Amino acid sequence: MLTSAAVAAALALAGPAGAQGRPDITAMSCAAAADLVSRSGAIVLTTGPITYARFVRDGGFCTVEKTTKPAYEQTRDLPRCFVGYLCVDPFSEGPGKP
């Protein structure tokens, strides 16, 4: 029979494993980052010290009211790498808008 202290210790040890960080796109090669997005379909990646974004393989991973916009990010080997797409609102972030 486990004591409450043993259960608490087991839960404390399990905690950090669930708190894994997001993959960092700046530490990957361009090919690795693009492959990760392609294989995942949709994934949240760290893009900088305090920034992150959700990248998708295609529009099928966006909600109905969203469209896709090509995503170019800095990777370990390239300053501007096409990694996939971002889901954007076509009325607020359409072509020609930031």
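### Some points on the pattern of salt bridges
Opposite charge on two side chains permits pairing when their charged atoms draw close.
Argument step 1. Inspection of every chain in the model, using the stated rule, returns two salt bridges.
Argument step 2. Notably, a salt bridge pairs D35 with R39, separated by 2.8 Å at the nearest N-O pair. With D35 and R39 both in helix α2 (residues 30–40) and four residues apart, the pair spans about one turn of that helix.
Argument step 3. In this structure, R57 and D58 form a salt bridge, with 3.6 Å as the shortest nitrogen-oxygen distance.

### Examining the confidence of the model for the protein
Argument step 1. Model confidence for the protein is summarised by a mean pLDDT of 84, while 73% of its residues fall at 70 or above.
Argument step 2. Considering only residues more than four positions removed or in separate chains, one finds that residues 6–18, a stretch of pLDDT under 50, has one contact.

### Description of the nonpolar core
Argument step 1. Judged by nonpolar contacts, the single largest core of 13 residues is most densely connected at I25, L45, F55 and V83.
Argument step 2. Sorting the residues of this core by element identifies α2, β1 (42–46), β2 (52–56) and β4 (81–88) as the ones contributing at least two each.
Argument step 3. If we ignore the near neighbours within four places in the chain, the residues touching V83 are I25, A33, A34, V37, F55, A71 and E73.

### Here we look at the state of the cysteines
Argument step 1. All told, the structure shown has two disulfides when counted by the stated rule.
Argument step 2. The disulfide that involves C30 links it to C81, with 1.9 Å between the sulfurs. Across the S-S bond of C30 and C81 the torsion is about 80°, and the bridge reads as right-handed. One end of the pair, C30, is in helix α2; the other, C81, is in strand β4, with 51 residues separating them in the sequence.
Argument step 3. On the basis of relative accessible area, C81 is assigned to the buried category, the value being 1%.
Argument step 4. Two residues, C62 and C87, share a disulfide whose sulfurs are 1.9 Å apart. On the sign convention where negative means left-handed, the S-S torsion of about -85° between C62 and C87 marks this disulfide as left-handed.

Parameters at a glance
Numbers given for residues are sequential positions, taken from 1 along each chain in its written order. Residues qualify for local features only when their pLDDT is at least 70, as the model is predicted, and side-chain atom pairs are given and counted only at 80 or more; totals for whole chains, interfaces and linings, by contrast, use all residues. Excluded from the side-chain calculations are hydrogens and water; all other atoms, namely the structure's heavy atoms, are used. Salt-bridge detection follows one rule: a side-chain nitrogen of Lys or Arg within 4 Å of a carboxyl oxygen of Asp or Glu. Numbering of helices and strands runs from the N terminus, with a helix taken as a DSSP run of H or I at least four residues long and a strand as a DSSP run of E at least two residues long. Per-residue confidence from the predictor is given as pLDDT, running between 0 and 100. Throughout, a contact is declared for two residues whenever any of their heavy atoms are within 4.5 Å. Side-chain atoms within 4.5 Å are what join buried Ala, Val, Leu, Ile, Met, Phe, Trp, Tyr and Cys residues into a set we call a nonpolar core. Type-normalised accessible area, obtained with a 1.4 Å probe on protein chains alone, sets the label of each residue: buried when under 20%, exposed when over 50%, and partly exposed for intermediate values. We call a pair of cysteine sulfur atoms a disulfide when they lie within 2.5 Å.

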